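# An overview of the molecular structure
As a plain string of letters, each chain reads:
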Amino acid sequence: MILLAADPGAKLIAGGQSLVPVLAFRLAAPSLLIDLRRVPGLDTIVVGDDGVRLGAKVRWRDIEDDLRLPGAHPLLHAAVGHVGHYQIRNRGTVGGSLAHADPAAELPGIAVTCAGEIAVSSAVGQRTVPASEFFTGPLTTELRSDEVITELRLPPWPAARRWGLEEFALRQGDFALAGIAAFYDEDAQGRARNPRIGVIGACSRPQRLAAAETELDGRTVDARTIAAAARAAAAVVDPPQDLHADAQYRRALVATLVERALRAAAQRRSA
Ligand SMILES: Cc1cc2nc3c(=O)[nH]c(=O)nc-3n(C[C@H](O)[C@H](O)[C@H](O)COP(=O)(O)OP(=O)(O)OC[C@H]3O[C@@H](n4cnc5c(N)ncnc54)[C@H](O)[C@@H]3O)c2cc1C
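Let's shift gears to the environment of A211. With respect to the helices, strands and loops of the structure, A211 is situated in helix α10 (residues 210-216). It is 8.8 Å that separates the C-alpha atoms of A211 and A235, two residues lying 24 residues apart in sequence. When residues no more than four places from it in sequence are discounted, the contact partners of A211 are A232 and V236.

Put into structure tokens, the structure is as follows:
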């Protein structure tokens, strides 16, 4: 942290899976690279009554291999299975993904959808930033140049929660053209409570789709409710247009993925 504070041109490197391509394309030219691998204490996964805490150096593979997480946070576990290829999952880290803030990356999407919090430290102190405020645009975050991400905190996941995760990518391992994470709890009458629908890939940053969540809240999740939520989601996203897909295609894709995710959620409880 002292090195980072002393040199404004310094950059942290964790798994290198995003930074090395950035350096290779000469999109950044740091004066100093600070390797996080030997920094102690940032590589643990804590599962407790207060939820799941992922240290910044936790790799995708650590999440995949952790036998507690399919029960403690099935949405997180499922999302990591969509990240890149095995080789990338073997090196890429939680902190690197959050700091890089690719709008199509899975973990920022999960962090926002689940109302996670990101803990950061600098030479002068520590603070916690809600994930909903952390991502400010494509590859842009609230993180200051002298700060290090130390942890992602995800709130507890109720055992009976219903959830679904759907993505579409052109090839396996590619970043998704769009992805939807959805979940809700059920009241005694079987109506949806606390619904969340988050999107990646179809907006400039990961975000929740409040209009679609409203269509679910307090309702039975049947075909009619699902169709209304899908329409609302497509209406509020602001998809990018790039060489992979145009905005209209991504908007239609969002509707389809919301529908699929909610159908899966209606059939799947967490435990
Ligand atoms: C071919 C390919 C396909 C991929 N597909 C996907 C995909 O489908 N989904 C997906 O989510 N990701 C994908 N990725 C990205 C991959 O998951 C990256 O590993 C991840 O985004 C960055 O993690 P890292 O540890 O490698 O970070 P690095 O590359 O080491 O660093 C990335 C950035 O984060 C900063 N940083 C790193 N750690 C910290 C920290 N603790 N605090 C503050 N700043 C920090 C660095 O300074 C740098 O700016 C893909 C990558 C490749 C090369």
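What follows deals with the site of the ligand. In the region of the ligand, 30 residues are neighbours, and L12, G16, L19, T93 and E106 sit closest. With respect to the ligand, the backbone of A14 contributes an N or O atom lying 2.7 Å from an oxygen atom. Note that an oxygen atom of the ligand is positioned 3.1 Å from one of the backbone N or O atoms of G84. In isolation the ligand has 970 Å² of accessible area, and contact with the protein removes 89% of it.

Before going further, it helps to spend a moment on the environment of V148. Position of V148 relative to the elements: it lies in strand β9 (residues 148-154). Beyond its immediate stretch of four places on either side in the chain, V148 contacts M1, L4, L12, L36, A119, V120 and S121.

In this section: the side chain of R161. Mapped onto the elements of the fold, R161 is located in the loop between β9 and β10 (162-168). A polar contact of 2.8 Å, which involves the side chain of R161, links it to the side chain of D185.

Strand order in this open sheet of 5 strands is β3-β4-β9-β5-β6, and the pairing throughout is antiparallel. The outermost strands of the open sheet, each flanked by one partner alone, are β3 (45-48) and β6 (125-130). Direction aside, the axes of adjacent strands within the sheet are offset by 20° on average. Pairing geometry for strand β5 (residues 117-122) and β9, over 5 bridges, is antiparallel. Pairing of V120 across the sheet is with I149, part of β9.

One open sheet accounts for 4 strands, arranged β10-β11-β12-β13; its pairing is antiparallel. Every interior strand has two partners, whereas the edge strands, β10 and β13 (207-208), have only one. When strand β12 (residues 192-200) meets β13, the two strands line up antiparallel, connected through 2 bridges. From the neighbouring strand, V199 faces β13, where its bridge partner is Q207. Against the sheet, helix α8 (residues 106-113) engages β10, β11 (178-186), β12 and β13, with an angle of about 155° to β12. Packed on one face of the sheet, helix α12 (residues 247-267) meets β10, β11 and β12 and runs near 150° to β10.

A large share of β11 lies buried, amounting to 8 of its 9 residues. Of the pairings in the sheet, the one linking β10 to β11 comprises 7 bridges and is antiparallel in character. Bridge pairing in β11 places W163 opposite F183. Of the strand pairs in this sheet, β11 and β12 are connected by 7 bridges, and their pairing is antiparallel.

For the rest of this paragraph, the subject is the packing of aromatic side chains. Aromatic ring pairs are described here by two measures, namely the spacing of the ring centres and the angle between the planes. As enumerated under the stated definition, the model contains 2 aromatic pairs in all. Both rings, one in F134 and one in F135, keep their centres 5.1 Å apart while their planes meet at 80°; by these two values the pair is edge-to-face. By relative accessible area, F135 is classed as buried at 3%. The ring of W157 has R161 sitting right over it, with the charged end atom 4.8 Å from the ring centre.

With that out of the way, let us pick up the nonpolar core. With 36 residues, the main nonpolar core has I63, L75, L76, V94, L98, I118 and L152 as its most contacted residues. Leaving out residues up to four positions away in the same chain, V94 has contacts with L54, G55, A56, V58, W60, I63, L107 and L152. Counting 30 residues, the second largest nonpolar core, distinct from the first, contains C203, A232, A233 and V237.

The rules behind each value
- Residues numbered from 1 in each chain as written.
- Predicted model: local features only at pLDDT ≥ 70, side-chain atom pairs only at ≥ 80, totals over all residues.
- Heavy atoms only, no water.
- Helix = DSSP H or I, 4+ residues; strand = E, 2+ residues; numbered from the N terminus.
- Contact = heavy atoms within 4.5 Å.
- Near = heavy atom within 4 Å.
- Polar contact = N/O pair within 3.5 Å; in protein donor to acceptor, adjacent residues only side chain to side chain.
- Areas by Shrake-Rupley, 256 points an atom, 1.4 Å probe, with all protein chains shown as cover.
- Pairing = 2+ DSSP bridges.
- Axes fitted to C-alpha atoms, helices over the stretch in contact; angles between N-to-C directions.
- Buried < 20%, exposed > 50% of the residue type's maximum accessible area, 1.4 Å probe, protein only.
- Phe/Tyr/Trp six-rings, centres within 6.5 Å; stacked < 30°, edge-to-face > 60°.
- Lys NZ or Arg CZ within 6 Å of the ring centre and 35° of its normal.
- Core = buried A, V, L, I, M, F, W, Y, C linked by side-chain atoms within 4.5 Å.

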